Amino acid sequence: MVSKMKRLKTSRADHRRALAVFLLCAATAGLYGLAAPKTNIHWLCWVLLVPLLAAWERTDLSTGCYAGWLCGTLVHLVCFAWVIGTIERYSNLQSPWSLLAWILFSLYSGLSFAALGFVYLFLTRRLSVPRVLALPVAYTAMEFLFPFIFPWHLGAGLYRVPLCIQIADLFGIYGITALVVTVNAAFFDIALRWRQKKPIPFLSSTVALLLVLSTLAYGQWRLSWVQARQQAAPALKVGIVQANVQIEERRTRLLQEDIWRRYLDLSRKAVQEGAELVVWPESAVAFPYRPDSGPQSSSAYVRYLVRSIGVPVLFGSVSVEADGARNTAYLLDREGETIGRYDKVHLLAFGEYLPFSDWFPQLKGLIQGVGDFRPGNKREPLCWNGSCFGVLICYEAILKSLPRELVRKGAGFLVNITNDIWFGDTSCPEQHLMLAVFRAVENRVWMVRAANTGISAFIDPAGRIWGRTSLFTQAVRVAQVQKLSLPGLYKDWGNWFPLACSLLAGSLMLFGLVRHRPFDTGPKAPSSSG
């Protein structure tokens, strides 16, 4: 009887612990959602991991990994709910298949938090590494190494706080993530000590405070430094055309003629405001553009429009050659002659190509609406009249290596053309813009962002957003874009910081395994730092 009572009490305690872990993981997911677009309560970035750390406090190593997977899955379900509508608009998959795809995507992406939990618990429990070091090292390594379908970063939530993001030219966006995670660890240590009625932990609170103050001081200095360099740099007036073309408008010839009138009128307005280069978005020319086509062709009409505008125009289209189709940006001079072309290098899986379809062709019949594009093989800036700029098509603006490579090859600014209509009125267009901000800061160049339905904007080398447009509106924006070539540790050395964090985490774990120290797998975490 006594043993049965003990087992019953143990079972109840386990159930309460499991419920507490679930609620804490859900709390972290909810805070992620509030900190992300569209709500943009960015200050929650500094505390959103505290509930998850409290959950890990109640787990051993194996259940900690499951708790991490649960939390990561919930985070992606909350922050990537737009995946459902995008799949339905982009392909023939409707509910419940689009819902299933969203869940599978979240389950896969949630594995990143399982890996985070394993590394964090290993470092803190086996090696007694302070949380204020273990958590940022593990989180940065996770963001760097995990193969996300849609790469994103916790530090990106501070994109509206220019003072905090200037360190991106040293560490990349990973440095901002590490700063935010360090502060989360410090807050958890403080909360834990407060609950235990002990003094505030000296080490974690001091480290976090010094990092924040150093970041703010560097940010203030760098903002002034960038401003001074811009005043002395040569400039080019660039116009953005946001035509707000809907999918249905391309289906009849009458509406297509209205689209061309819209592009012509908006472009002429940009020229009247002084634009020397006009940028149209991705897919502005919805048919395959052929530079060498005859005078009666649709491509010839595009050349006529450019001549009517009177300045060079960059636009997105499709190029078709013997080996397949490509997502292409063309640069035409004021006479309508092609003077540059860029083929998209990094294609979007399930949007522009179907993974594994070369081995399983039947997938193309099962999932319709997915493109069959081929990647480009040239990563070079486009140059015209002494101005060189790098082109990024859609998804490429959230990647880090290509913008850096283009700037190192002489691009004085970046141009991102995109068509975000597939995401609808969701948080995704804002997420897209949010991540693009850091490419400007990392490389210290302007970014011109032209989106078919928004959000279009200019982003200066300090990450400040100018001339931002609203979603699903017609708009013209013109700005003076300085052509810069500024030094920067990240531009020169790339992802040295996340690589160092990954090597440090791996080395510490290897050291822990070699030591053969008995592994404390119990739920009790080490005492807080300090």
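Please refer to the structure higher up on the page.
None of the values given here were measured: they were computed from a predicted structure.

(A) Structural view of helix H9 (residues 173–195). Look at H9: 33 Å from first C-alpha to last across 23 residues, which is about the 33 Å you get at 1.5 Å a residue. Counting buried positions over the 23 residues of H9 gives 18, a clear majority of the element. Of the residues flanking the end of H9, it is Lys197, one or two places downstream, whose phi is positive at about 55 degrees.

(B) Main features of the sheet that holds strand S7 (residues 387–393). Taken together, six strands build an open sheet; the order of strands is S6-S7-S8-S9-S10-S11 and the sheet is mixed. Edge positions in the sheet fall to strand S6 (382–384) and strand S11 (465–466), since each has one partner strand and no second. Here two bridges tie strand S10 (residues 457–459) to S11, and the two strands are oriented antiparallel to one another. Bridge pairing links Phe458 to Trp466 in S11. Sitting on the sheet, helix H14 (residues 401–408) touches S7 and strand S8 (413–418), and the angle it makes with S7 is about 170 degrees.

(C) Seen up close, empty space enclosed by the protein. For the coordinates displayed, the defined rule picks out one cavity of 30 Å³ or more. Considering only enclosed or pocket space, the largest cavity measures out at about 330 Å³ in volume. Lining the largest cavity are 25 residues, and of these Phe80, Trp152, Gln431, Met434 and Leu435 sit closest to its centre. For the lining of the largest cavity, the secondary structure elements donating two or more residues are helix H1 (2–35) and helix H15 (428–443).

(D) Inspection of helix H12 (residues 298–309) at higher detail. Over its twelve residues, H12 extends 17 Å from the first C-alpha to the last, a length consistent with the 16 Å expected when each residue adds 1.5 Å. Buried within H12 are the following residues: Ser299, Ala300, Val302, Arg303, Leu305, Val306 and Ile309. Positive phi shows up at Gly310, right after H12, with a value of about 95 degrees.

(E) A look at the environment of Gly30. Position of Gly30 among the secondary structure elements: in helix H1. On the accessibility criterion, Gly30 (32% relative accessible area) is partly exposed. Separated by 48 residues in the primary sequence, Gly30 and Val78 place their C-alpha atoms 7.3 Å from one another.

(F) The arrangement of the pattern of salt bridges in detail. Across all of its chains, the model carries 20 salt bridges by this definition. With a shortest N-O distance of 3.4 Å, Glu405 and Arg379 are connected by a salt bridge. You can see Glu405 sitting in helix H14 and its partner Arg379 sitting in the loop between helix H13 (362–366) and S6, a full 26 residues away along the chain. Among the residues examined, Glu405 registers a relative accessible area of 23% and is labelled partly exposed. Asp420 is the salt-bridge partner of Arg449, the closest N and O atoms lying 3.3 Å from each other. Taken as a pair, Arg449 in strand S9 (residues 446–451) and Asp420 in the loop between S8 and H15 lie far apart in primary sequence, 29 residues in all. You can call Arg449 buried: its relative accessible area is 0%. One connected set of salt bridges, linked through shared partners, spans Glu321, Asp323, Arg326, Arg341 and Asp343.

(G) Expanded view of the side chain of Ser112. By the element assignment, Ser112 lies in helix H5 (residues 97–126). The class for Ser112 is buried, based on a relative accessible area of 0%. Residues within four places of Ser112 in sequence aside, it is in contact with His76, Met142, Phe146 and Phe148.

(H) Examining a nonpolar patch on the surface more closely. Taken together, the side chains of Tyr66, Trp69, Trp97, Leu99, Leu100, Ile103, Leu104, Leu107 and Leu111 define a hydrophobic patch exposed on the protein surface, amounting to about 850 Å² of accessible area. Elements supplying a minimum of two residues to the nonpolar patch: helix H3 (61–79) and H5. Among the elements that line the nonpolar patch, the one with the most residues is H5, at seven residues. Of note, Leu99 is situated in helix H5.

(I) Region of interest: the nonpolar core. Of all hydrophobic cores here, the largest spans 128 residues; its most connected members are Tyr32, Leu49, Tyr139, Val279, Leu314, Phe389 and Val448. For this core, the leading source of residues is H9, giving twelve residues. When residues no more than four places from it in sequence are discounted, the contact partners of Tyr139 are Tyr32, Leu49, Phe113, Leu116, Leu154, Thr177 and Val181. Counting 25 residues, the second-largest nonpolar core is a separate cluster that includes Val241, Ile259, Ala275 and Tyr289.

(J) Spatial organisation of the state of the cysteines. In this structure the tally under the stated criterion is one disulfide. Shown here is the disulfide that connects Cys383 with Cys388, its sulfur atoms set 2.0 Å apart. The disulfide joining Cys383 to Cys388 has a torsion of about 110 degrees about its S-S bond and is therefore right-handed. The thiol sulfur of Cys71 is not disulfide-bonded, and the nearest other cysteine sulfur, from Cys25, lies at 4.7 Å.

(K) Spotlight on the side chain of Glu57. Considering the arrangement of structural elements, one finds Glu57 in the loop between helix H2 (50–56) and H3. Overall, the relative accessible area of 19% leaves Glu57 in the buried class. At a separation of 3.5 Å, a polar atom in the side chain of Glu57 contacts the side chain of Arg131.

(L) Quick peek at the sheet that holds strand S4 (residues 324–332). In space, the six strands of this open sheet follow the order S5-S4-S3-S2-S1-S12, with mixed pairing throughout. Edge positions in the sheet fall to strand S5 (338–343) and strand S12 (475–482), since each has one partner strand and no second. Going from strand to strand, the sheet's axes swing by 35 degrees on average, the running direction of each strand aside. One ladder, built from nine bridges, connects strand S3 (residues 313–321) with S4; its direction is antiparallel. Within the sheet, the bridge partner assigned to Gly316 lies in S4 and is Ala329. On top of the sheet, H12 reaches strand S2 (277–279), S3 and S4; it is set at about 165 degrees to S3, its chief contact.

(M) Geometry of the packing of H3 against H5. Following both chains from N to C, one finds H3 and H5 inclined at 140 degrees, their axes separated by 6 Å at the closest point. With respect to each other, H3 and H5 are oriented oblique. When the axes of H3 and H5 are compared, the crossing they make is right-handed. Tallied by class, residues from the contact of H3 with H5 come to 15 nonpolar, nine polar and one charged.

Cut-off values and rules
- Residues numbered from 1 in each chain as written.
- Predicted model: local features only at pLDDT ≥ 70, side-chain atom pairs only at ≥ 80, totals over all residues.
- Heavy atoms only, no water.
- Helix = DSSP H or I, 4+ residues; strand = E, 2+ residues; numbered from the N terminus.
- Expected span 1.5 Å × (residues − 1).
- Buried < 20%, exposed > 50% of the residue type's maximum accessible area, 1.4 Å probe, protein only.
- Pairing = 2+ DSSP bridges.
- Contact = heavy atoms within 4.5 Å.
- Axes fitted to C-alpha atoms, helices over the stretch in contact; angles between N-to-C directions.
- 1 Å grid on protein atoms, 1.4 Å probe; cavity = no way out; pocket = protein on both sides within 12 Å on 5 of 7 lines; lining within 4 Å.
- Points joined across faces, edges and corners; volume = space filled by probe spheres on them.
- Salt bridge = Lys/Arg side-chain N within 4 Å of Asp/Glu carboxyl O.
- Patch = residues over 30% accessible without salt bridge, like charges linked within 9 Å, V, L, I, M, F, W, Y side chains within 5 Å.
- Areas by Shrake-Rupley, 256 points an atom, 1.4 Å probe, with all protein chains shown as cover.
- Core = buried A, V, L, I, M, F, W, Y, C linked by side-chain atoms within 4.5 Å.
- Disulfide = S-S within 2.5 Å.
- Polar contact = N/O pair within 3.5 Å; in protein donor to acceptor, adjacent residues only side chain to side chain.
- Parallel < 35°, antiparallel > 145°, perpendicular 65-115°, else oblique.
- Left-handed = near helix turned anticlockwise from the far one by under 90°.
- Nonpolar A, V, L, I, M, F, W, Y, C, P; charged D, E, K, R; others polar.

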